[in-house]
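Here's the letter readout for the chains.
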Amino acid sequence: VCRVQCRRATTHRSPRSIRFYVTEQCNAKCNNCFNRNIRTKNIMSIDMFLTLCEYFSKIGVKSVKIMGGEPTTHPDFTKLMTIAQEHFERVGLFTNGINDKIMEYAPRQTDTITYNFKFSKKIHLEKLLPDYPGARLLEVQIQATTDVDRLKNEIYRVASMYPNVIVTLTLDCTANIFSEKELIMPIYNNVLNFLSENHIHTKKDHKVPVCFSYGTKFPITEKGAICDINCAGLIDAEGNLKYCNQHSETLTNMFNEDGSVLQPEIMMNYLSMKFKNIQYTSLSKICKDCVFYDKYCNGGCFISKDIISKADIYQNTLLPIV
């Protein structure tokens, strides 16, 4: 019966990738951390991690993202990464680069390591693992308070010692980007121009809503701010299912009372329920009056957030909203 369920889930619905908070402990204190207000001292056991890796691999998930907390602080970090590589074609590691433990990891050609550039001073060549293949990304977050000159100097330092590094520009999802738009835009464009002038590989992360970027030079990705159910799915250190790292509430636990793993169809039902709730919130707030909704944008990570009001959006967009 289980094999039939797994085949059916693979054919119809399963996440494109799955995220794991393998530990919720961290060796840093970021004031805009996604989960700092709900963080516990829990770590995911090797047995639970292995069970879940086998489960997601069987239902067709090809990619996993190892997150935290800080994953390298997990006492079995190296073993966790080996298990992940044995079950998934692509393994993404998100780290602040502080812990020397990262140098015990051996990424493959298909693997990615993303470094939180807030801790750029801790990123040295040996922590970029130059003798191993795979992509190295620097997640550079643009905020209204960003020190542009310092940031550009640090990016240049790291890019000079590792020329193939990719800079991922992102925005702060815990901030009200609309009320800070006039401060954010010139900083973002300044950094983007610097990267282009120095031929540093650049990737734009976070699909910001069209009402934020409309009429500006802010780049809009091909699919705009379209978020879909197949990009959801995060498991915390206790085995709780969450929608993603932007939405911290627990939807259900991945394990039934008898210790078996939740049926794939039921897991997807919980993710679908949350996705529809997010879309209802976005539509109710402003998206119902936007001609781009469901064509180029459905609000992305931002519109459904409580910190951004309808008034914030109206006052800080050039989009001709009805």
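Going by the structure above, here's the rest.
Residues numbered from 1 in each chain as written. Predicted model: local features only at pLDDT ≥ 70, side-chain atom pairs only at ≥ 80, totals over all residues. Heavy atoms only, no water.

Within helix 3 (residues 77-87), the full set of buried residues consists of F77, L80, M81, I83, A84, Q85 and H87. Along its buried surface, helix 3 packs onto helix 2 (46-58), strand 2 (63-67) and strand 3 (90-95). (Buried < 20%, exposed > 50% of the residue type's maximum accessible area, 1.4 Å probe, protein only. Helix = DSSP H or I, 4+ residues; strand = E, 2+ residues; numbered from the N terminus. Contact = heavy atoms within 4.5 Å.)

Within a regular strand, side chains alternate between the sheet's two faces. Direction of pairing for strand 6 (residues 166-171) relative to strand 7 (residues 201-204): parallel, over a ladder of four bridges. Bridge pairing links T168 to K203 in strand 7. Following the chain from strand 6 across helix 5 (residues 181-197) to the adjacent parallel strand 7, one finds a crossover that is right-handed. (Pairing = 2+ DSSP bridges. Right-handed = clockwise from strand over helix to strand, strands pointing away.)

Take S284: it is sitting in helix 7 (residues 264-285). Measuring from C-alpha to C-alpha, the distance between S284 and K310 comes to 9.4 Å, with 26 residues separating the pair along the chain. A distance of 2.8 Å separates the side chain of S284 from the backbone oxygen of Y280, its partner in a polar contact. (Polar contact = N/O pair within 3.5 Å; in protein donor to acceptor, adjacent residues only side chain to side chain.)

This part takes up the packing of aromatic side chains. Summed over all chains, the structure comprises seven aromatic pairs. A ring pair is formed by Y214 and F292, whose centres lie 6.0 Å apart and whose planes are at 40 degrees; its orientation type is tilted. Here Y214 is found in the loop between helix 6 (210-213) and strand 8 (234-235), whereas its partner F292 is found in the loop between helix 7 and helix 8 (310-315), with 78 residues between them in sequence. Of the residues examined, Y214 reaches a relative accessible area of 32% and is grouped as partly exposed. Note on F292 and Y296: the rings are 5.7 Å apart at their centroids and 65 degrees apart in plane angle, and the pair reads as edge-to-face. Members of the aromatic cluster, each reached through a chain of ring pairs, are F20, F49, Y55 and F56. (Phe/Tyr/Trp six-rings, centres within 6.5 Å; stacked < 30°, edge-to-face > 60°.)

This part is about the packing of helix 4 (residues 148-161) against helix 5. Between two packed helices, both the angle of their axes relative to each other and the distance between the axes serve to describe the pair. Contact geometry of helix 4 with helix 5 gives a least axis separation of 11 Å together with a crossing angle of 25 degrees. The angle between the axes of helix 4 and helix 5 places the two elements in the roughly parallel class. Crossing of helix 4 against helix 5: the hand is right-handed. Here helix 4 contributes V148, L151, K152, I155 and Y156 to the contact with helix 5, which in turn contributes I187, N190, V191, F194 and L195. (Axes fitted to C-alpha atoms, helices over the stretch in contact; angles between N-to-C directions. Parallel < 35°, antiparallel > 145°, perpendicular 65-115°, else oblique. Left-handed = near helix turned anticlockwise from the far one by under 90°.)

The next thing to look at is the nonpolar core. By size, the foremost hydrophobic cluster in this structure holds 89 residues, and its most contacted members are F20 and F56. The biggest single contributor to this core is helix 5, with eight residues. Setting aside anything within four residues of it in sequence, one finds F56 in contact with I18, F20, V61, F88, I235, M254 and M267. (Core = buried A, V, L, I, M, F, W, Y, C linked by side-chain atoms within 4.5 Å.)

All chains considered together, the criterion is met by three cavities of 30 Å³ or more. Lining the largest cavity are 13 residues, and of these C211, C287, C290, C297 and L319 lie nearest its centre. (1 Å grid on protein atoms, 1.4 Å probe; cavity = no way out; pocket = protein on both sides within 12 Å on 5 of 7 lines; lining within 4 Å. Points joined across faces, edges and corners; volume = space filled by probe spheres on them.)

To continue, consider the packing of helix 2 against helix 3. Remark: helix 2 packs on helix 3, axes separated minimally by 10 Å, with the N-to-C direction vectors making an angle of 15 degrees. Comparing the axis directions of helix 2 and helix 3 gives the class roughly parallel. Helix 2 and helix 3 meet at a crossing whose hand is right-handed. Of helix 3, the residues touching helix 2 (which contributes I46, F49, L50, C53, E54 and S57) are K79, L80, I83, A84 and H87. Tallied by class, residues from the contact of helix 2 with helix 3 come to seven nonpolar, two polar and two charged. (Nonpolar A, V, L, I, M, F, W, Y, C, P; charged D, E, K, R; others polar.)

A word on helix 4. Look at helix 4: 20 Å from first C-alpha to last across 14 residues, which is about the 20 Å you get at 1.5 Å a residue. When helix 4 is considered as a whole, its buried residues turn out to be V148, L151, K152, E154, I155, V158 and A159. On an axial view of helix 4, the arc spanned by its buried residues comes to 165 degrees, and they lie on one face. The exposed residues of helix 4 that point more than 90 degrees off its buried face are D149 and N153. (Expected span 1.5 Å × (residues − 1). Arc of directions from axis to C-beta.)

Under the defined criterion, the tally for this structure stands at ten salt bridges. A salt bridge links E89 to R90; its shortest N-O distance comes to 3.6 Å. Salt bridges sharing common partners tie together K62, E89 and R90. (Salt bridge = Lys/Arg side-chain N within 4 Å of Asp/Glu carboxyl O.)

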